[in-house]
Amino acid sequence: MKPFKKIVVSSLLAAALLGSSVAGAAGLKADALLNVDGRIMADITTYAGIGDFNLKNGNALNATFRSPGSIVVLADGSVLVADTRDHVIRKISAGQVSTFAGPELVVTFNEQGFPEGGLLDGQASESFFNEPMGLAADAKGNVYVADAGNNAIRKIDSKGKVTTLAGNGVFGLVDGEGGAARFNHPSDVVAAADGTLYVADTKNNVIRKISLDGKVSTLNSASDRAIQVRPGAAVIAGDYKDGSLKEAKFNEPSGLAVDSKGNLFVSDTGNQRIRYIDFSLGVVTTVAGSGMEVDGKSLFAANALYAAGDYADGDALKAKFDFPKGIAVTSEGGLLIADSLNHAVRYLLNGKVSTLTGTIETGETNGVEGEARFNNPSNVAVAGDGTILVADAFNNKIRQITPYQLPQSLPVNDSVKVVHRDSVIKFEVQPEIVNGRTMVPVRAISEALGYEVTYSNVNGARTVQLKKGNVTIELYIDKTGIKRMEPNKPDVSLATDAAPYIKKDNTYVPVRFFAEQIGKDVQWDQQHRTAIIR
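Fair warning: this is a prediction, and the values are worked out from it, not measured in the lab.

## Regarding unusual backbone geometry
Its identity is not glycine, yet N205 carries a phi of approximately 60 degrees, on the positive side. With respect to the helices and strands, the residue N205 is situated in the loop between β14 (197-201) and β15 (206-210). Its relative accessible area of 5% is what places N205 among the buried residues.

What follows is the structure, given as structure tokens:
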């Protein structure tokens, strides 16, 4: 398949400069083929993980994870995974999964039977983490970990030594240097081009900054919105306010990404919004997400921790999210969003939000963009070859979204062409368009899809049968309708709106038939006059 050249170049450059904060998906939308629904055409597969809730290294597709929370692509193309419930950092390289930092085997289990974490610096194999979530890398090969359960930011240097950069294991909201600083469940960390770190200090509802000299400061105003969680018991919940950065308020921010200007996108999870910090202006704005309570004045229902989540594509400030988490900036200025409770990957570009893949229904199905299902995706990143990686947390997998590209061998002419995945189907006679329908010689396309084709003529009734496994599909020359037959099941007759016909000893059928009756996705690319079967 034709590579996404812009993506590859930009991704490698971004990895060298900014770690995971800038994803190199240059031209993701501009270079993409779109399906009939306007979605970017893509194939979704499993990159790593068999789905079991466990800790097992080895072959990537047989490895196991426990709720992977974050991913980062390193400059050499390897992928690090914050394996949150296993309390370790895993590495995926050359189709193999290994432990990058943390103990190779689970050391202790809690009363519920889950692994327990810890806080210990030292060499990577001797260190301990506690619910690591966010990951970032810098140009020097250092990896940073938002170690949520330890309320700390950890550093793994290029020699494999783990140190605690900020925080001390005790939760709180305290600025200062190194161990004097305190956090409360930091969920993400990102490295700017100059080495400055930004932290989504989730349960403190603030964004923190760690300067090059190790000093931690708080960038925005902490919330003072009190809610009653039960009679006689109140807590401070997050809040929402745009405007001056010093006065801005967030609600459990959990995802960060630096753009090409050095400014910061924030996945403001509890507010169901994407916010933007412009450091040059010192201003916070909302760039995507909407929704108010029934009074039209407040985001929050009485005593609600969070704004109400929902789902809607369209204009960015009318779009709706449900607990958006990890984000990644693309080089065309877009933002990939792991919309966790909508179980989808969304894309913000040019003031519009679209769904890249996934639906509000949970699942773990692979396939094309409209078929794939996820379960609480928590983070997104872009690999060096242009594929988008997704930490599919509740499926215990790393999934892969590959933007579809036409085969390089596709002829450049005005003839009607048909491709199956990444192969051009060759016909002895050319497909043609009749009454707006793409008609294709049935034998060549059926055999390309693995069907056996037979013909019969009984008392003038001419039929074509396509057989694969136990399924037989029968079509009728010059007549609409088909019959689907399987052993020990009643025959099923279905209506069609175009009839097969014979021309120059070749039987033509509508290519749409393969989408409607054989379970394939068929798209038409007008620019290249090509029917695409996936």
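## A short note on the sheet that holds strand β8 (residues 132-137)
Sheet architecture is open: five strands sit in the order β7-β11-β10-β9-β8, paired in antiparallel fashion. Unpaired on one side and paired on the other, β7 (122-123) and β8 mark the two borders of the sheet.

## So, the sheet that holds strand β30 (residues 377-382)
Taken together, five strands build an open sheet; the order of strands is β29-β1-β32-β31-β30 and the sheet is antiparallel. Every interior strand has two partners, whereas the edge strands, β29 (367-368) and β30, have only one. Bridge analysis of β30 against strand β31 (residues 388-392) gives five bridges, and the strand direction is antiparallel. Within β31, the residue paired with V380 across the bridge is V390.

## Remarks on the UniProt feature "repeat: NHL" (unreviewed entry) in the protein chain
As recorded in UniProt, the sites labelled "repeat: NHL" (unreviewed entry) are residues 129-159 and 250-280. Here residues 250-280 is 0% helix and 55% strand, with 20 Å between the C-alpha atoms at its ends.

## A few points about the pairing of strand β16 (residues 215-218)
By the bridge criterion, two bridges tie strand β12 (residues 176-177) to β16 in an arrangement that is antiparallel. What sits directly across from G176, in β16, is V216. As paired strands, β15 and β16 are joined by three bridges and run antiparallel to one another. Across the sheet, residue I210 finds its bridge partner in β16, namely V216.

## Some thoughts on a nonpolar patch on the surface
Together, V229, V235 and L305 make up a nonpolar patch on the protein surface, roughly 200 Å² of accessible area in all. Mapped onto the fold, L305 is located in the loop between β23 (283-288) and β24 (314-315).

## As for the nonpolar core
Counting 24 residues, the largest nonpolar core has V418, V440, I445, L466, V511, F513 and F514 as its most contacted members. Contributing elements (two or more residues each) for this core: α2 (442-448), β38 (461-468), β39 (471-476), α3 (512-517) and β45 (530-533). With three residues, the top contributor of residues to this core is β39. Filtering out sequence-adjacent residues up to four positions away, I445 remains in contact with V418, I425, F427, V440, V511, F514 and I533. A338, L349, F374 and I401 belong to the second-largest nonpolar core, a separate cluster that totals 19 residues.

## Description of the pattern of salt bridges
Inspection of every chain in the model, using the stated rule, returns 25 salt bridges. Between R154 and D147 there is a salt bridge, with its nearest N and O atoms 2.7 Å apart. Per residue, the accessibility class of R154 equals that of D147, and both read buried. In this structure, K241 engages E247 in a salt bridge whose closest nitrogen and oxygen atoms are separated by 3.8 Å. What makes E247 partly exposed here is its relative accessible area of 45%.

Reading the values: rules and limits
Residues numbered from 1 in each chain as written. Predicted model: local features only at pLDDT ≥ 70, side-chain atom pairs only at ≥ 80, totals over all residues. Heavy atoms only, no water. Helix = DSSP H or I, 4+ residues; strand = E, 2+ residues; numbered from the N terminus. Buried < 20%, exposed > 50% of the residue type's maximum accessible area, 1.4 Å probe, protein only. Pairing = 2+ DSSP bridges. UniProt positions renumbered as here; feature names shortened; annotations may be inferred. Patch = residues over 30% accessible without salt bridge, like charges linked within 9 Å, V, L, I, M, F, W, Y side chains within 5 Å. Areas by Shrake-Rupley, 256 points an atom, 1.4 Å probe, with all protein chains shown as cover. Salt bridge = Lys/Arg side-chain N within 4 Å of Asp/Glu carboxyl O. Core = buried A, V, L, I, M, F, W, Y, C linked by side-chain atoms within 4.5 Å. Contact = heavy atoms within 4.5 Å.

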